[in-house]
Amino acid sequence: MILSWFRRNQREFGFIRAAWLLWRVSWRRARVVASNRLLPARCECPCCGWRGRRFFDYIEMGYTARNIACPGCDSHSRHRALFLWLKNSYRLAARTGVALILAPERALAPLWSGAKQLRSFKIDIEAGRGVDVLAIPDRRAAIGAAFERAAPGDLVLLAGKGHEPTILYADHALPWDEAAVARETLSAMGWVDSR
Ligand SMILES: [Zn+2]
């Protein structure tokens, strides 16, 4: 992970600046780890319960925010603020109904799973976030992903585009035939149209 982060910075800013940034991040991190070992705690993370002297700094090229990322759950200040608001002001645990969670943050997961009377659905463009609904902006790719996930006996419903000959974007219209795309996708996966 640190390697891909370094490579991304190297591509964008060159080796010397990327190496300097890596040195700064490593040095600051080591300093925070040492102070958490040696000095009495004065911070507590409401999301995961971690206690220590200080949080990690958040450092990117040209941007430093000190005392931000929790060593326990990697939550940032905004996540911890939202956690406390959802828990204490909004009283999430007592809420009923349906919750649609867009871009679910890992640090907030215990809060959502603790709301037992709430039916919640997590949506994101990254499958790795433990989502219930995967949002894929490219429609052809989304159709393929739905077919790949279908098990025998499942029904895949492609909704909303069957009768429309185009997909309208801000600056252009893409000609579209949903049934043809579905057939092409299935045939690329090895299925044969038996009609
Ligand atoms: Zn935490």
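Each value, and the rule that gives it
- Residues numbered from 1 in each chain as written.
- Predicted model: local features only at pLDDT ≥ 70, side-chain atom pairs only at ≥ 80, totals over all residues.
- Core = buried A, V, L, I, M, F, W, Y, C linked by C-beta atoms within 7 Å.
- Buried ≥ 20, exposed ≤ 12 C-beta atoms within 10 Å, placed from the backbone.
- Contact = placed C-beta atoms within 7 Å.
- Domains from an automatic or database assignment.
- Nonpolar A, V, L, I, M, F, W, Y, C, P; charged D, E, K, R; others polar.
- Pairing = 2+ DSSP bridges.
- Helix = DSSP H or I, 4+ residues; strand = E, 2+ residues; numbered from the N terminus.

## Observations concerning the nonpolar core
Then, in step 1: By size, the foremost hydrophobic cluster in this structure holds 11 residues: V32, C45, C47, F55, F56, A69, C70, C73, F83, A107 and L108.
Then, in step 2: Apart from residues lying up to four places away in sequence, C73 is in contact with C45, C47, C48, W50, R106 and A107.

## Thoughts on the domain arrangement of the chain
Then, in step 1: Once the domains are mapped, the chain shows domain 1 (2-72), domain 2 (78-133) and domain 3 (136-188).
Then, in step 2: A separation of 26 Å is found between the C-alpha centroids of domain 1 and domain 2.
Then, in step 3: Contact with domain 1, which involves four residues of that partner, is made by six residues of domain 2.
Then, in step 4: Its residues placed into classes, the side of domain 1 that touches domain 2 shows four nonpolar, no polar and no charged.

## Quick look at the pairing of strand β4 (residues 63-69)
Then, in step 1: Examined bridge by bridge, strand β3 (residues 56-60) and β4 share four bridges and lie antiparallel to one another. Across the sheet, the residue bridging to F56 is A69, located in β4.
Then, in step 2: Where β3 folds back on β4, the antiparallel hairpin that results is connected by two residues, among which G62 adopts a positive phi of roughly 75°.

## Some thoughts on the sheet that holds strand β7 (residues 133-134)
Then, in step 1: Sheet architecture is open: three strands sit in the order β5-β6-β7, paired in parallel fashion. Two strands bound the open sheet, and with one partner strand each, they are β5 (97-102) and β7.
Then, in step 2: Taken together, the six bridges between β5 and strand β6 (residues 118-124) define a ladder with parallel strand orientation. Following the sheet pairing, G97 is matched in β6 by L118.

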